[in-house]
Amino acid sequence: MPVLKCVQCQAVTVWKQPRLACDKCKQWMAPQGRIIAQNSHQSGDTYGVGMALLVESTSELLFLTSPEDKGCMEKLAYYSGLGIEKERLGVLVLCTENLDNDMDPQALAALQRIATVYGCAVGTKLVDGQLVRACEPNQLYQMMVNPGLFDRDKNRSRRTDQSLLQHSHRAAHLPYLDPKNRAHVAEVGASTRLAAEHIRADLKKVFKKVWLSVAASADRIDTNNLAQNVATQMVDGLVKQRPAGVMLLWVRSLSAAERNELKEGLGKGDRMLLKTRREAGLPIDALFWTLSKKRNPQHLMTPQLFETLRYLAEMMNYAVVPIGDEVLFDEYLAASDEAKGQVFIGTTEHNLINFWDREGLQWFKGPERRIRQLFLLWHLFRLLARRGIPLVQVGLRSGEMEKAAYLGVPTIYLEEAVSETGARMLPVTVGGAYAKDAEPSAHAKTWWQDANKLDKLVSGKLREDLESAKAKLLAGDGKAFWEQRVRQLRTSIKDGNKDLQQLRTDRGAHTATQLNTFLHAVTDHSPMTKDSKGGLPFFFRLTTKNVVGLYGAPSRGDVFKVRTWLRGKFEEDQPASDCPDALLRGTLTESEIDLAYNTLLNIQSGFGDYLKRFFPRAFLA
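These numbers were taken from a predicted model, which means no experiment stands behind them. (Residues numbered from 1 in each chain as written. Predicted model: local features only at pLDDT ≥ 70, side-chain atom pairs only at ≥ 80, totals over all residues. Heavy atoms only, no water.)

Here we take up the pattern of salt bridges. According to the stated counting rule, one finds 28 salt bridges in the structure shown. Its salt-bridge partner being Glu-307, residue Arg-563 comes within 3.1 Å of it at the nearest N-O pair. Note that Arg-563 is positioned in helix α20 (residues 556–570) and Glu-307 in helix α13 (residues 303–315), a separation of 256 residues in sequence. Three or more residues are tied together by salt bridges with common partners; here these are Glu-74, Arg-369, Arg-370, Glu-400 and Lys-403. (Salt bridge = Lys/Arg side-chain N within 4 Å of Asp/Glu carboxyl O. Helix = DSSP H or I, 4+ residues; strand = E, 2+ residues; numbered from the N terminus.)

Scanning all chains against the criterion turns up 5 cavities of 30 Å³ or more. Approximately 90 Å³ is the volume attributed to the largest cavity. Forming the boundary of the largest cavity are Leu-426, Thr-429, Val-430, Ala-435, Glu-439, Gln-514, Thr-517, Phe-518, Ala-521, Arg-541 and Thr-543. Breaking the lining of the largest cavity down by element, the ones donating at least two residues are α19 (479–524) and β18 (539–544). With 4 residues, the single largest contributor to the lining of the largest cavity is α19. Residue composition of the lining of the largest cavity, by class: 5 nonpolar, 4 polar and 2 charged. Lining the second largest cavity, in full, are Tyr-47, Gly-50, Met-51, Leu-54, Tyr-78, Leu-82, Val-210, Leu-374, Lys-403, Tyr-406 and Leu-407. (1 Å grid on protein atoms, 1.4 Å probe; cavity = no way out; pocket = protein on both sides within 12 Å on 5 of 7 lines; lining within 4 Å. Points joined across faces, edges and corners; volume = space filled by probe spheres on them. Nonpolar A, V, L, I, M, F, W, Y, C, P; charged D, E, K, R; others polar.)

Look at helix α1 (residues 46–55) against helix α2 (residues 72–81): their axes get within 10 Å of each other, and the N-to-C directions meet at 30 degrees. Taken together, α1 and α2 sit at an angle that is classed as roughly parallel. For the crossing formed where α1 meets α2, the hand is right-handed. Within the contact between the two elements, α1 uses Thr-46, Tyr-47, Val-49, Gly-50 and Leu-53 and α2 uses Lys-75, Tyr-78 and Tyr-79. Among the residues forming the contact of α1 with α2, the class breakdown is 5 nonpolar, 2 polar and 1 charged. (Axes fitted to C-alpha atoms, helices over the stretch in contact; angles between N-to-C directions. Parallel < 35°, antiparallel > 145°, perpendicular 65-115°, else oblique. Left-handed = near helix turned anticlockwise from the far one by under 90°. Contact = heavy atoms within 4.5 Å.)

Quick look at the packing of aromatic side chains now. Throughout the structure, instances matching the rule amount to 22 aromatic pairs. The interplanar angle of 65 degrees and the centroid separation of 6.3 Å between the aromatic rings of Phe-381 and Phe-607 together place this pair among those described as edge-to-face. Linking Phe-381 in helix α15 (residues 369–386) with Phe-607 in helix α22 (residues 590–614), this pair joins segments that are 226 residues apart in sequence. Residues Phe-381 and Phe-607 agree in their burial class; the two are buried. Taken together, the ring pairs in this structure connect Phe-207, Trp-211, Trp-378, Phe-381, Phe-538, Phe-540, Phe-607, Tyr-610, Phe-614, Phe-615 and Phe-619 into an aromatic cluster. Positioned above the aromatic ring of Trp-378 is the side chain of Arg-382, whose terminal nitrogen or guanidinium carbon lies 4.8 Å from the ring centre. A cation over a ring is seen here: Arg-585 above Tyr-551, with NZ or CZ 5.6 Å from the ring centre. (Phe/Tyr/Trp six-rings, centres within 6.5 Å; stacked < 30°, edge-to-face > 60°. Buried < 20%, exposed > 50% of the residue type's maximum accessible area, 1.4 Å probe, protein only. Lys NZ or Arg CZ within 6 Å of the ring centre and 35° of its normal.)

The next thing to look at is the confidence of the model for the protein chain. Any segment with low pLDDT has predicted coordinates that should not be analysed in fine detail. The predicted model of the protein chain has a mean per-residue pLDDT of 86, with 90% of residues at 70 or higher. Contacts from residues 292–296, a stretch scored under 50 in pLDDT, to residues over four places away or in other chains number 14 contacts. (pLDDT = per-residue confidence, 0-100.)

In structure tokens:
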């Protein structure tokens, strides 16, 4: 039963319903568990939110959405599929005047079957001559989780926002006196930290709760045992290869929407510059400092990285199962021509690329796709584990990898060293609290902002001012003044470029610190050791020096060069081979390859002990 507290008179009570008004103050009382806010832009956080709701029974969700949002239902279906009660899944739908009029009746009814739905009328405003909804879910989310906004800014628009914040709290039956005295709503990242607290306290209990929940959900939802049958068929085929392990190799490519975003983020001149530099084998990292939206390069699987990981798997006798999207040749070079990259690794009967689109497997798609795909991964993991074969997943940062990680599947989670929006999984990575406190990712966002701001100043405004000053100097008016102005601007540009170089040096220092953090977490702070700081024992977040996704190989011949280079580096009987720097930027460095290899060895040697110590035996017998 939830504990409720009045924010005005501090009265406390216990009630069967999630919301209750105070007898004395008539205010809605605040739940004393965590209220985690989420909106559809935060798709990658879904598995962390589900984990937090599952392991912390007093936590609740407040999902902010709109009548036309198509992504809300699949996230709520995942939480419901895990067995989270309807009363703990709150959905606040922002509408113009009336929820019943604004939202499709069938969509509303489907949502109401699995969640507690509240309507919040926000009215309209005029934008470019058109009436639009006065507030969007992501705007309200920022206000809910950042009460400090109202301390810093007292202008009229903030007073309007404060009024909207009060209105939205009351619509969701949450107490509100002022921005500080109200029901506390936590940002979505709190879900990972909450899950980490439970993992650190009792990992065996967490895995038992997760597995029992997934098993019960599979019995309830997968009545025809489709997920188990597909997994059994896959395992039977894999076992015939007699592998020492199985590597799920996650692949992510640009979606059509992301290609359009890239086209908008980079103007025609930038795309031409991108193409020119890529064809010349020159670095292009700096081009992406100008993108204002979330950067995608660190997510993309390149042919070189795929080949590197496949090579490591072959060295250890691991069967490789690609999963996710197709592996494409240089996606950013293709994007400069507004095209899609050519296919390097596509769909075959022996992999899971575009698996859910295949005939007879459409059950794994639709609003319940997340929970149904989770069933398949769970069965695959436990059926292989029964035979003593470790299932390991490897790939670049993706929310899709997190669902299997929370099941306990050993994971090597690759992430670009100074990713602006990275480090979401730090609290649950090996080393837990140590990794979170020691890793310098908190500085990454500042680094990106400084680099972006400085690059725009040097290559944009200062150069424009310099050209203008040179033109006026040639015109002959005020010659002495414009000569001095040209000198000043040239000095500013020189100093700016020097500062940019220092930022790149700082980035290297960040990378070295992250590497040290990784090593200390694995050796000194893993739950597999006595001195544990928590985290998942076999969840390894390995940062990459290179912005890998930007440097995809353009052809199979280039991938062969990387393969030859790998053999020369890591096989004693093979001659050393040079490889163009532009190709090596699209994969791991030598030290990172060594780390990945040793991490795989670590998983392989400790897998039996890992199963015995932390997992419910009934599912592995």
